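Understanding the architecture of this molecule
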Amino acid sequence: MTGTRARRGSTTTSHDSQKAQENLHDGAPSSSLTSCRLPSRPATQNPKMEKPDELITTGVLASLQNFIRKCIVAVISYGPMPKHIAFIMDGNRRYAKFRSIKEGSGHRMGFSALIASLLYCYEMGVEYITVYAFSIDNFKRDPAEVQSLMELMEEKINELLENRNVINKVNCKMNFWGNLDLLSEPVRLAAQKLMASTAENKGLVFSVCMPYNSTSEIVNAVNELCTERREHAGNCNGNSPNNGVHSDISVEDLDRHMYSAGCPDPDIVIRTSGETRLSNFLLWQTTFSHLQNPDPLWPEFSFRHLVWAILQYQRVYPYIEQTKKLAKKLL
Amino acid sequence: MSRPSVIINLTLGLLWFIVHLAINFFSLWSHLIYNIEYYLISFGLFPKYRKFQLERLKYLAVVVDIREAKNVAKIKQLLCWLSTIGVKYVCLYDIDGVLKKTFEPAINGSRDVNSGSYLDVGANMKVLTCCQKEMTVEYISGSDGKEGIAKAANLLCSTYFNGDKDTCGNDEIVFTEADMSGALKAIGCGGPEPDLLLVYGPARCHLGFPAWRLRYTEIMHMGPLNSMKYGAIVKAFYNFSKKYQNFGK
């Protein structure tokens, strides 16, 4: 069973993720993660009163971990590195259930894992990250849950707006892909404000899909294309229009109107918690993407899982490149 | 390039090579164990793999790598195995259309009136009798994927322009997903959505399988077609029978 498989590795991996985030605190210019208000530790762990020598030891350990991480990145960077990684962040609710904590806390832990993964990817030279934050299908969930998710998103977007440590560290350009009209007004406005304020940034491109469906994206592209053609077709001053003489719509025309226009296709799509489907995510853009489905739940996803994902990608890279060339005439 | 950086580069390269060598070794070892398991499954030694239910698997799709799609014998053997297990509808896909071209004469020769319910799919299908059981086989390619969607978009737009005398109106054009599904059916790209997709090839990639039919499909990687195992298919179907989907809820 998926749930049982995910649980097996959970105790060590969540600890790793927590540790890595704490190390990022120390390594980053000014506790970039505390500015995102990491969830407080679960009630079972009491905050420790740290003595100075413990602080030194913690500092030395953190520096050592940073150094080891940099060495690992240097080694794997010798091979082909993905430019664009997409994540389907699955497993937050199961994580909360397995730990007997409130469901909302699972999503908060998931957000911490997201920021940690973002920073790790930045260190590895990944230029584009896309995450599936909320599907249009998720509106079918319990209204209270949808409401709390919307509130969490609004809270986190506003935090990123106010305290820009993470954004500045990676010079992040934020995109929100999806049918933003379906969002409540505060969330939509916050998202639009964040997009506008990071539009000029030239660093890592971070695209958040919410609320998103691939089929909805394709239909949106068709609508935009059709509107564009209507405007080009003829004039409205009584002269007859062009009698519908347009060139046929091509795949490239649709590409230009996708939310992802300007971004390369994902090299890797990672869906956590071991599920094997794409759930209507980037179906147009993932023709040659390596689809991976590691067992850990999303809040447990950490540096070593990311390294493993990239190593798996490097193993199949020659095959994918060759297949792209062979199929090039169809693209 | 200075000598220290050359040395560092070579060291990194060596370490990278060692890491991948270790992964390949580990992977070979686990393949061996899996192959033993698949042989034991084919001999029926695991009760759970003999007794699972296949009702939920109404439509199966198989993606085949371009290079392996020419292996007609293996494709026929695969179809025979699927038929033996009890699959009723298989959609075979390869990005280049090799399968369509290879099996095209057979398709044109044996269209069956009983496949009427699938006729909206298009011409590329036939009813196969394999190992005493009937199975509908559909052949699609990359041109049914993105290009199919582009053709459907063309159909929608041209229907709109031809139907709407007042093309200068300011009304927003709002096609829906249902409109798109209808257009795809009209051009012959509207087949059923597979419940399970088996990927035969070195990597788990869907290689452009039609997006409209891939939304909630479980995708399982089976390895290269040349080394396919009957037990692997049984195990994949068993794992599928255990899957539970929320569909977003």
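Coordinates for the structure precede this section.
Attention here is on the structure that accompanies the text. (Residues numbered from 1 in each chain as written. Chains lettered and ligands numbered in written order. Predicted model: local features only at pLDDT ≥ 70, side-chain atom pairs only at ≥ 80, totals over all residues. Heavy atoms only, no water.)

Some details on the environment of glutamine 147 of chain A
All names here are of chain A. Checked against the element boundaries, glutamine 147 lands in helix H6 (residues 143-162). With a relative accessible area of 44%, glutamine 147 lands in the partly exposed category. In this structure the C-alpha to C-alpha distance between glutamine 147 and serine 184, which are 37 residues apart in sequence, comes to 9.4 Å. (Helix = DSSP H or I, 4+ residues; strand = E, 2+ residues; numbered from the N terminus. Buried < 20%, exposed > 50% of the residue type's maximum accessible area, 1.4 Å probe, protein only.)

What to know about the interface of chain A and chain B
Contacts between the two partners involve 62 residues from chain A, matched on the other side by 58 residues from chain B. When chain A packs against chain B, the two sides together hide about 5600 Å² of surface, and 63% of this comes from carbon and sulfur. In this assembly, chain A and chain B are joined by two salt bridges. Notably, a salt bridge pairs arginine 277 of chain A with glutamate 218 of chain B, separated by 2.9 Å at the nearest N-O pair. Scanning the region where chain A abuts chain B turns up 23 residue pairs in polar contact (both at pLDDT 80 or more). For the side of chain A that touches chain B, the element with the highest residue contribution is helix H11 (residues 303-326) of chain A, accounting for eleven residues. Of the residues assigned to the side of chain A that touches chain B, the class counts are 27 nonpolar, 24 polar and eleven charged. (Contact = heavy atoms within 4.5 Å. Buried area = accessible area lost by both parts, 1.4 Å probe. Salt bridge = Lys/Arg side-chain N within 4 Å of Asp/Glu carboxyl O. Polar contact = N/O pair within 3.5 Å; in protein donor to acceptor, adjacent residues only side chain to side chain. Nonpolar A, V, L, I, M, F, W, Y, C, P; charged D, E, K, R; others polar.)

Looking at the packing of H11 of chain A against helix H1 (residues 3-42) of chain B
It is at 11 Å that the axes of H11 of chain A and H1 of chain B come closest, and there the two elements cross at 85 degrees. As judged from the angle between their axes, H11 of chain A and H1 of chain B are roughly perpendicular. Mapping the contact onto sequence places Trp308, Leu311, Gln312, Gln314 and Arg315 of chain A in H11 of chain A and Trp16, Val19, His20, Ile23, Asn24 and Ser27 of chain B in H1 of chain B. (Axes fitted to C-alpha atoms, helices over the stretch in contact; angles between N-to-C directions. Parallel < 35°, antiparallel > 145°, perpendicular 65-115°, else oblique.)

Side note on helix H3 (residues 72-85) of chain B
All names here are of chain B. Helix length check: H3, at 14 residues, gives a terminal C-alpha distance of 20 Å against a target of 20 Å (1.5 Å per residue), a fit within 8%. Those residues of H3 that fall on the buried side of the exposure criterion are Ile75, Leu78, Leu79, Cys80, Trp81, Leu82, Ser83 and Ile85. Of the residues one or two after H3, glycine 86 is the one with positive phi, at around 120 degrees. (Expected span 1.5 Å × (residues − 1).)

Notes on the state of the cysteines
Under the criterion given, the structure shown has one disulfide over all chains. In this model cysteine 226 of chain A forms its disulfide with cysteine 157 of chain B; the gap between the sulfur atoms is 2.5 Å. With cysteine 226 of chain A in helix H9 (residues 214-233) and cysteine 157 of chain B in helix H5 (residues 146-163), the pair connects residues from two separate chains. Residue classification places cysteine 226 of chain A among the buried residues on the basis of a relative accessible area of 0%. As a non-bridged cysteine, cysteine 121 of chain A has cysteine 172 of chain A as the owner of its nearest cysteine sulfur, 12 Å distant. Classification of cysteine 121 of chain A by relative accessible area gives buried; the value is 0%. Lacking any disulfide linkage, cysteine 189 of chain B is separated from the closest cysteine sulfur, that of cysteine 91 of chain B, by 11 Å. (Disulfide = S-S within 2.5 Å.)

Examining the environment of leucine 204 of chain A
Residues and elements named next belong to chain A. By secondary structure assignment, the location of leucine 204 is in the loop between helix H8 (185-197) and strand E4 (205-209). A sequence separation of 97 residues divides leucine 204 from histidine 107, and the C-alpha atoms of the two residues are 23 Å apart. Apart from the residues within four sequence positions on either side, leucine 204 is in contact with Leu118, Tyr122, Val126, Glu127, Ile129, Val170, Asn171, Cys172 and Lys173.

Points about the packing of aromatic side chains
Tallied over the entire structure, the rule returns 20 aromatic pairs over all chains. Between tyrosine 78 of chain A and tryptophan 16 of chain B the ring centres are 6.0 Å apart and the planes differ by 50 degrees, which places this aromatic pair in the tilted class. Of this pair, tyrosine 78 of chain A sits in the loop between helix H3 (52-76) and strand E1 (84-88) while tryptophan 16 of chain B sits in helix H1, each in a different chain. Taking the relative accessible area as the measure of exposure, tyrosine 78 of chain A reaches 42% and is therefore partly exposed. Joined through ring pairs, the aromatic side chains of Tyr132, Tyr212, Tyr259 and Phe281 of chain A make up one cluster. Taking the ring centre of phenylalanine 240 of chain B as reference, the NZ or CZ of arginine 56 of chain B above it sits at 4.7 Å. (Phe/Tyr/Trp six-rings, centres within 6.5 Å; stacked < 30°, edge-to-face > 60°. Lys NZ or Arg CZ within 6 Å of the ring centre and 35° of its normal.)

Regarding a nonpolar patch on the surface
Residue and element names in this part refer to chain B. A contiguous nonpolar surface patch, about 880 Å² in accessible area, is contributed by Trp29, Leu32, Ile33, Ile36, Tyr39, Leu40, Phe43 and Leu45. Structurally, leucine 40 is set in helix H1. Take leucine 40: its relative accessible area is 31%, and that puts it in the partly exposed class. (Patch = residues over 30% accessible without salt bridge, like charges linked within 9 Å, V, L, I, M, F, W, Y side chains within 5 Å. Areas by Shrake-Rupley, 256 points an atom, 1.4 Å probe, with all protein chains shown as cover.)

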